[in-house]
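# What the coordinates show
Here is how the chains run, residue by residue.
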Amino acid sequence: QHDPNNLSDRQIMVHLFEWKWNDIADECERFLSKMGFAGVQVSPPTENVVAWEPTPGVKRPWWERYQPVSYKLNTRSGTEQQFQDMVNRCNAVGVRIYCDMVLNHMTGDWPSGTPATGGSSFNTGSKDYPAVPYSTYDFNGRDKCSTSSGNIENYGDANQVRNCQLVGLKDLNQGSDYVRGKIIELLNRLISYGVAGFRFDASKHMWPGDLKAIADRLNNLPTDKGFPAGARAFIYQEVIDLGGEPITGAEYVGIGRVTEFKYGKFLGEAFRGRNQLKYLKNFGEGWGMLASGNALVFIDNHDNQRGHGAGGDMILTFRVPKLYKMAVAYMLAWPYGFTRVMSSYYWEQNIVNGQDKNDWVGPPSDSNWNIITPTINADETCGSGWVCEHRWRQIYNMVKFRNVVHGTTMNDWWDNGNNQIAFCRGGKGFIAINNDNYPLQQSLQTCLPSGTYCDVISGDLVNNQCTGKSITVGSDGKAFISLSNAEDDGVIAFHIQSAI
Ligand SMILES: O=C(NCCCOc1c(-c2ccc(O)c(O)c2)oc2cc(O)cc(O)c2c1=O)[C@@H]1CCCN1C(=O)/C=C/c1ccc(O)c(O)c1
Ligand SMILES: [Ca+2]
């Protein structure tokens, strides 16, 4: 269903991509809880293939975790016990855990003897995964897929997209009672540990009817893990739908929310100058996107931040920090969808003919290929190869902003007819964005009570002082907003809880 099972004063999820379970638990307790995050999307917890040089030079690519070998909870992020500890520790401080679940397929083709993160054996030639167990009868074969290769060849054919193999990945038959039973058993085990919901990976490649049948048979969330009686798992389905294909996100909205990839694409285009920001006045359903209550929105995700995924080269990432922070600030101030903040790790790009040859690089790891624990610097940013966008002041302060204004609508929109915009959220928050190449200098309606407020983008409210800009609002709610195009950040934002 569509409710994230979040605490009411927490409205934003963070994707701690490739983090270890122990490190996520630490982050819940030392940062995510106090900053008002609703929950964490964690990487797939199911045992996956150890992808050692599928092609020369490629070692332990991030996408190995999207090739399950079994439903045992042993991965580079940790053991089943560490997983349970993480869920308990995060729930205890009000931060939910959402699991990224790869249910559409098992692995691609691998030589016999290829290892797996939990030591299980498997044979891709005979589609044999004894640790589940799955055998060839549990997969879509020639009876379901009509292409000569057995793989998806034409995204214009909805049957192929569901019943054929995605890039050679062994395609499970979710129409089979046995396969449904194994999937439901896995999801109910995670529910019993206190997980609040699931990302259904590659949902476009599964029949909505099968997903609904599975979702309907899940147990209620356990009251002994702090959920209200009758609570149901939050479900958000990855459906890459940028239009132009027969399969649309709309087919899946009855089961739960759907990832709205148009959102990040449109904002990437707008902030990169392809579209004037003034058009963002009706951003949402008015742009052909899903209904707000059905949408899971984000600026970038683990796949398209590498340039080739959905939205391609327009997607904003940590590599263009000024534009990225402006787009994230807009997303977190704008009353549409349930928002997800990406938290990445660094990798050195090697762009050849517009494509990053290193787009496969996995998380920071040591000489034994164990994932490295993020170090936290004195200024609360991350080190040792982790970007931790969620720890950037401009981003975590906008998480707070979104929580403060939750429940209000957007009002008092202003724009300069180009790329300077501003708007209120009820009488609780105000934001101005300048993406023109000249200063924004205007007296604007902020909708806030008169007083002095700290800009939460350029600084914080500390010891009743503003470490960044301060703004004085008059009795008419107006304030003089000055935002040069030459500043570090093209945003000013303040709210009733950043008042001095
Ligand atoms: O070139 C690649 N893949 C072909 C183009 C991307 O196609 C994939 C899509 C995909 C792309 C576009 C679509 O419109 C679509 O319906 C599906 O979804 C996946 C989901 C998985 O769980 C595992 C995968 O290997 C893929 C995948 O390869 C490289 C090498 C193999 C993995 N991979 C990748 O690039 C892996 C990508 C990947 C992995 C996990 C994801 O959740 C995801 O969204 C993409
Ligand atoms: Ca499928």
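All of the points below concern the structure found in this document.

This paragraph deals with the packing of aromatic side chains. Overall, the coordinates contain 37 aromatic pairs when judged by the stated rule. Seen in terms of ring centroids, tryptophan 21 and phenylalanine 83 are 5.3 Å apart; in terms of plane orientation they differ by 85 degrees. Their pairing is edge-to-face. Note that tryptophan 21 is positioned in helix α1 (residues 21-35) and phenylalanine 83 in helix α2 (residues 80-92), a separation of 62 residues in sequence. Using a relative accessible area of 0% as the deciding quantity, one classes tryptophan 21 as buried. With 5.0 Å between their ring centres and 85 degrees between their planes, phenylalanine 261 and phenylalanine 298 make a pair best called edge-to-face. Here phenylalanine 261 is found in helix α6 (residues 261-271), whereas its partner phenylalanine 298 is found in the loop between β7 (295-297) and α7 (321-333), with 37 residues between them in sequence. Under the relative-accessibility criterion, phenylalanine 298 is labelled buried at 1%.

The next point concerns the layout of surface pockets. Within this model, the largest pocket holds a volume of roughly 700 Å³. If you go around the largest pocket, you meet 23 residues; those closest to its centre are Trp62, Leu166, Val167, Leu169 and Asp303.

Ile24, Phe198 and Tyr330 are the most contacted members of the largest nonpolar core, which has 136 residues in total. Among the elements that take part in this core, α7 stands out by supplying 9 residues, more than any other. If you look at the next biggest cluster of nonpolar residues, it comprises 16 residues, including Leu440, Leu444, Cys447 and Ile471.

Attention now goes to the pattern of salt bridges. Taken as a whole and judged by the stated rule, the model has 21 salt bridges. Between glutamate 29 and arginine 89 there is a salt bridge, with the nearest N and O atoms lying 2.8 Å from each other. Linking glutamate 29 in helix α1 with arginine 89 in helix α2, this pair joins segments that are 60 residues apart in sequence. Its relative accessible area of 26% is what places arginine 89 among the partly exposed residues. In the salt-bridge network here, residues are joined through shared partners; they are Asp100, Arg199, Asp201 and Glu238.

Those protein atoms acting as donors to the calcium ion (ligand 2) are Asn104 (OD1), Arg162 (O), Asp171 (OD), Asp171 (OD) and His205 (O), and they sit at 2.3 to 2.6 Å. We note that the donor set of the calcium ion (ligand 2) lies within a single chain, spaced as N-x57-R-x8-D-x33-H. Separated by 58 residues along the polypeptide, asparagine 104 in the loop between β3 (96-101) and α3 (158-163) and arginine 162 in helix α3 bring together distant segments of the chain. Under the relative-accessibility criterion, asparagine 104 is labelled buried at 0%. Judged by relative accessible area, arginine 162 falls into the buried class, the value being 2%.

Moving on: the state of the cysteines. Applying the stated rule across the entire model yields 5 disulfides. Disulfide partner of cysteine 28: cysteine 90, at an S-S distance of 2.0 Å. Disulfide cysteine 28 to cysteine 90: torsion about the S-S bond roughly 90 degrees, handedness right-handed. Of this pair, cysteine 28 sits in helix α1 while cysteine 90 sits in helix α2; the two residues are 62 residues apart in sequence, bridging distant segments of the chain. We classify cysteine 90 as buried; its relative accessible area is 0%. The disulfide partner of cysteine 145 is cysteine 164, and the gap between their sulfur atoms is 2.1 Å. Its S-S torsion of about 100 degrees marks the bond between cysteine 145 and cysteine 164 as right-handed, since a negative value means left-handed.

Rules behind the numbers
Residues numbered from 1 in each chain as written. Chains lettered and ligands numbered in written order. Predicted model: local features only at pLDDT ≥ 70, side-chain atom pairs only at ≥ 80, totals over all residues. Heavy atoms only, no water. Phe/Tyr/Trp six-rings, centres within 6.5 Å; stacked < 30°, edge-to-face > 60°. Helix = DSSP H or I, 4+ residues; strand = E, 2+ residues; numbered from the N terminus. Buried < 20%, exposed > 50% of the residue type's maximum accessible area, 1.4 Å probe, protein only. 1 Å grid on protein atoms, 1.4 Å probe; cavity = no way out; pocket = protein on both sides within 12 Å on 5 of 7 lines; lining within 4 Å. Points joined across faces, edges and corners; volume = space filled by probe spheres on them. Core = buried A, V, L, I, M, F, W, Y, C linked by side-chain atoms within 4.5 Å. Salt bridge = Lys/Arg side-chain N within 4 Å of Asp/Glu carboxyl O. Donors = N, O, S within 2.8 Å, 3.2 Å for Na, K, Ca; no water. Disulfide = S-S within 2.5 Å.

Coordinates in, geometry out; function isn't part of it.
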